Amino acid sequence: MGCGFWDFSSISVAPRIRNVEPHSGRPRPFAYTFPYRVKNVPGSGELSINKRSRLCPNAVSLDLPLLPFNMNEVLVPSETKTLHLYEARYLALLEESLLRKKLFVHFVLDPISISNSGGEASFAARYGCLVLIENIEQLDVGALVSIRGIGRVKILKFLQADPYLKGEVRPKQDMVLDSTTDVTPKLLQVKEALYGLNKLEIKLKAPKEAPLQTSCLNSLMWAENELSLECDKDFIPSSAERVSFAAFQPVSGSTQSELMKLQEEKIKAMNMKNTMQRLDNSLKLINENISMVAAKLAIQSLGMQ
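Analysis parameters
Residues numbered from 1 in each chain as written. Predicted model: local features only at pLDDT ≥ 70, side-chain atom pairs only at ≥ 80, totals over all residues. Heavy atoms only, no water. Helix = DSSP H or I, 4+ residues; strand = E, 2+ residues; numbered from the N terminus. Buried < 20%, exposed > 50% of the residue type's maximum accessible area, 1.4 Å probe, protein only. Contact = heavy atoms within 4.5 Å. Areas by Shrake-Rupley, 256 points an atom, 1.4 Å probe, with all protein chains shown as cover. Core = buried A, V, L, I, M, F, W, Y, C linked by side-chain atoms within 4.5 Å. Salt bridge = Lys/Arg side-chain N within 4 Å of Asp/Glu carboxyl O. Expected span 1.5 Å × (residues − 1). Arc of directions from axis to C-beta. Pairing = 2+ DSSP bridges.

Caption draft 1: Quick peek at the overall build of the chain. Per the secondary structure count, the chain includes six helices and nine strands. Counting over 305 residues, the chain shows a buried share of 50%. Sequence separation of at least 24 residues holds for 70% of the intrachain contacts in the chain that already meet a minimum separation of 6. Only carbon and sulfur atoms are counted for the fraction: they give 52% of the accessible area of the chain, which is about 15,100 Å².

What follows is the structure in structure tokens.
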């Protein structure tokens, strides 16, 4: 499809969402509508929603439905989330995704400027993540859709705006490691630390129906498995890259400030291009979470005495 102009006035970024983890709460839907058009931000490598679209050439790409979220809803590879979709346009997006090997793209809109003259906001489309639909539960109104982040993608161009966003995306992966770099020792440290964190988390007070497997361990186990997806292999990150994202999950009993800090860490992780550096950051985050959970367990034990 050639370069075109898109009217986004009929699109709001407000899919009904329920996170998998009960402590995460219900995030605030994105409140803006789209009286904007799309262009590239010079030098940024991202798309902004403003006046016109500028197309980028690519070698490997997919045309997929796009689902936008707030900046506080960044999704990283290996992470799971449950969405409550009920509006007709989002159910139409779901239907097309099922026809496209259960794939669509989760991305966030970052407000970057407001025109002084017209008061119009501009947004950058950032942190695209290819997601796989893992489960669908039909409801009286809409459906609960469980998704899993697969790998990072870049949105090259928007192809349609109605009834839902659709665009062309290409994969983004870490730099190829030098032949002398051995990630195995660091991977083992991260895995061992995640298993240690999991053992502590399941000791915290939780509802009887709460699973014994935490978000971090769930992500790690998924990351370690051999993936078999019906899409170009370039969209599937290496096992080491997948594991490097597993730690960026909410910890049981996290406070709002802790969740905000996690969002900052997730953004850093999505921006990184070096697997070793992300593994180092993961290990630091895990150790901080172990200390935090250990402190909460100590307080919990005092309350039981």
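Moving on from the model shown.
Caption draft 2: Region of interest: the nonpolar core. Counting 45 residues, the largest nonpolar core has Leu 66, Phe 107, Leu 130, Val 169, Leu 194 and Val 293 as its most contacted members. Counting residues per element, the ones that place at least two in this core are β4 (62–69), β6 (103–114), β7 (121–138), β8 (143–160), α2 (184–201), α3 (215–224), α4 (239–245) and α6 (275–304). If we ignore the near neighbours within four places in the chain, the residues touching Val 293 are Leu 197, Leu 200, Glu 201, Leu 204 and Val 251. Counting residues in hydrophobic clusters, the runner-up holds 27 residues, among them Phe 69, Val 74, Phe 248 and Leu 262.

Caption draft 3: Examining the pattern of salt bridges more closely. As enumerated under the stated definition, the model contains 16 salt bridges in all. Here Lys 81 and Glu 73 are joined by a salt bridge, their closest N and O atoms 2.8 Å apart. One exposure class covers both Lys 81 and Glu 73, and it is buried. Asp 110 is paired through a salt bridge with Arg 126; the nearest N and O atoms lie 2.9 Å apart. Here Arg 126 lies in strand β7 and Asp 110 lies in strand β6, a separation of 16 residues in the sequence. The residues Asp 110 and Arg 126 share a single accessibility class, namely buried.

Caption draft 4: Spatial organisation of unusual backbone geometry. Asp 162 connects to Pro 163 through a cis peptide bond whose omega is 5°. For Pro 163, the location among the structural elements is in the loop between β8 and β9 (166–171). Not every positive phi belongs to a glycine, and Ser 78 is a case in point at roughly 90°. Structurally, Ser 78 is set in the loop between β4 and β5 (80–85). On the basis of relative accessible area, Ser 78 is assigned to the buried category, the value being 0%. Here Tyr 127, not a glycine, exhibits a phi torsion of approximately 55°, which is positive. Inspection of the secondary structure assignment puts Tyr 127 in strand β7. A relative accessible area of 12% places Tyr 127 in the buried class.

Caption draft 5: Layout of helix α1 (residues 88–99). Between its terminal C-alpha atoms α1 stretches 17 Å, which fits the 16 Å expected from 12 residues at 1.5 Å a residue. Buried within α1 we find Arg 89, Tyr 90, Leu 93, Leu 94, Glu 96 and Ser 97. For α1, the buried positions fall inside an angular range of 165° around the axis, keeping them on one side. In α1, the exposed residues that point more than 90 degrees away from the buried face are Ala 88, Glu 95 and Leu 99. With its phi angle positive at about 60°, Lys 101 sits one or two positions after the end of α1.

Caption draft 6: Summary view of the pairing of β9. Bridge analysis of β4 against β9 gives four bridges, and the strand direction is antiparallel. Bridging across to β9, Pro 65 finds its partner in Lys 166. As judged from the six bridges shared by β8 and β9, these two strands associate in the antiparallel manner. The partner of Lys 157 across the bridge, within β9, is Glu 168. The hairpin formed by β8 and β9 contains five residues between the paired strands.

Caption draft 7: Summary view of the side chain of Thr 275. Relative to the helices and strands, Thr 275 resides in helix α6. Residue classification places Thr 275 among the buried residues on the basis of a relative accessible area of 4%.

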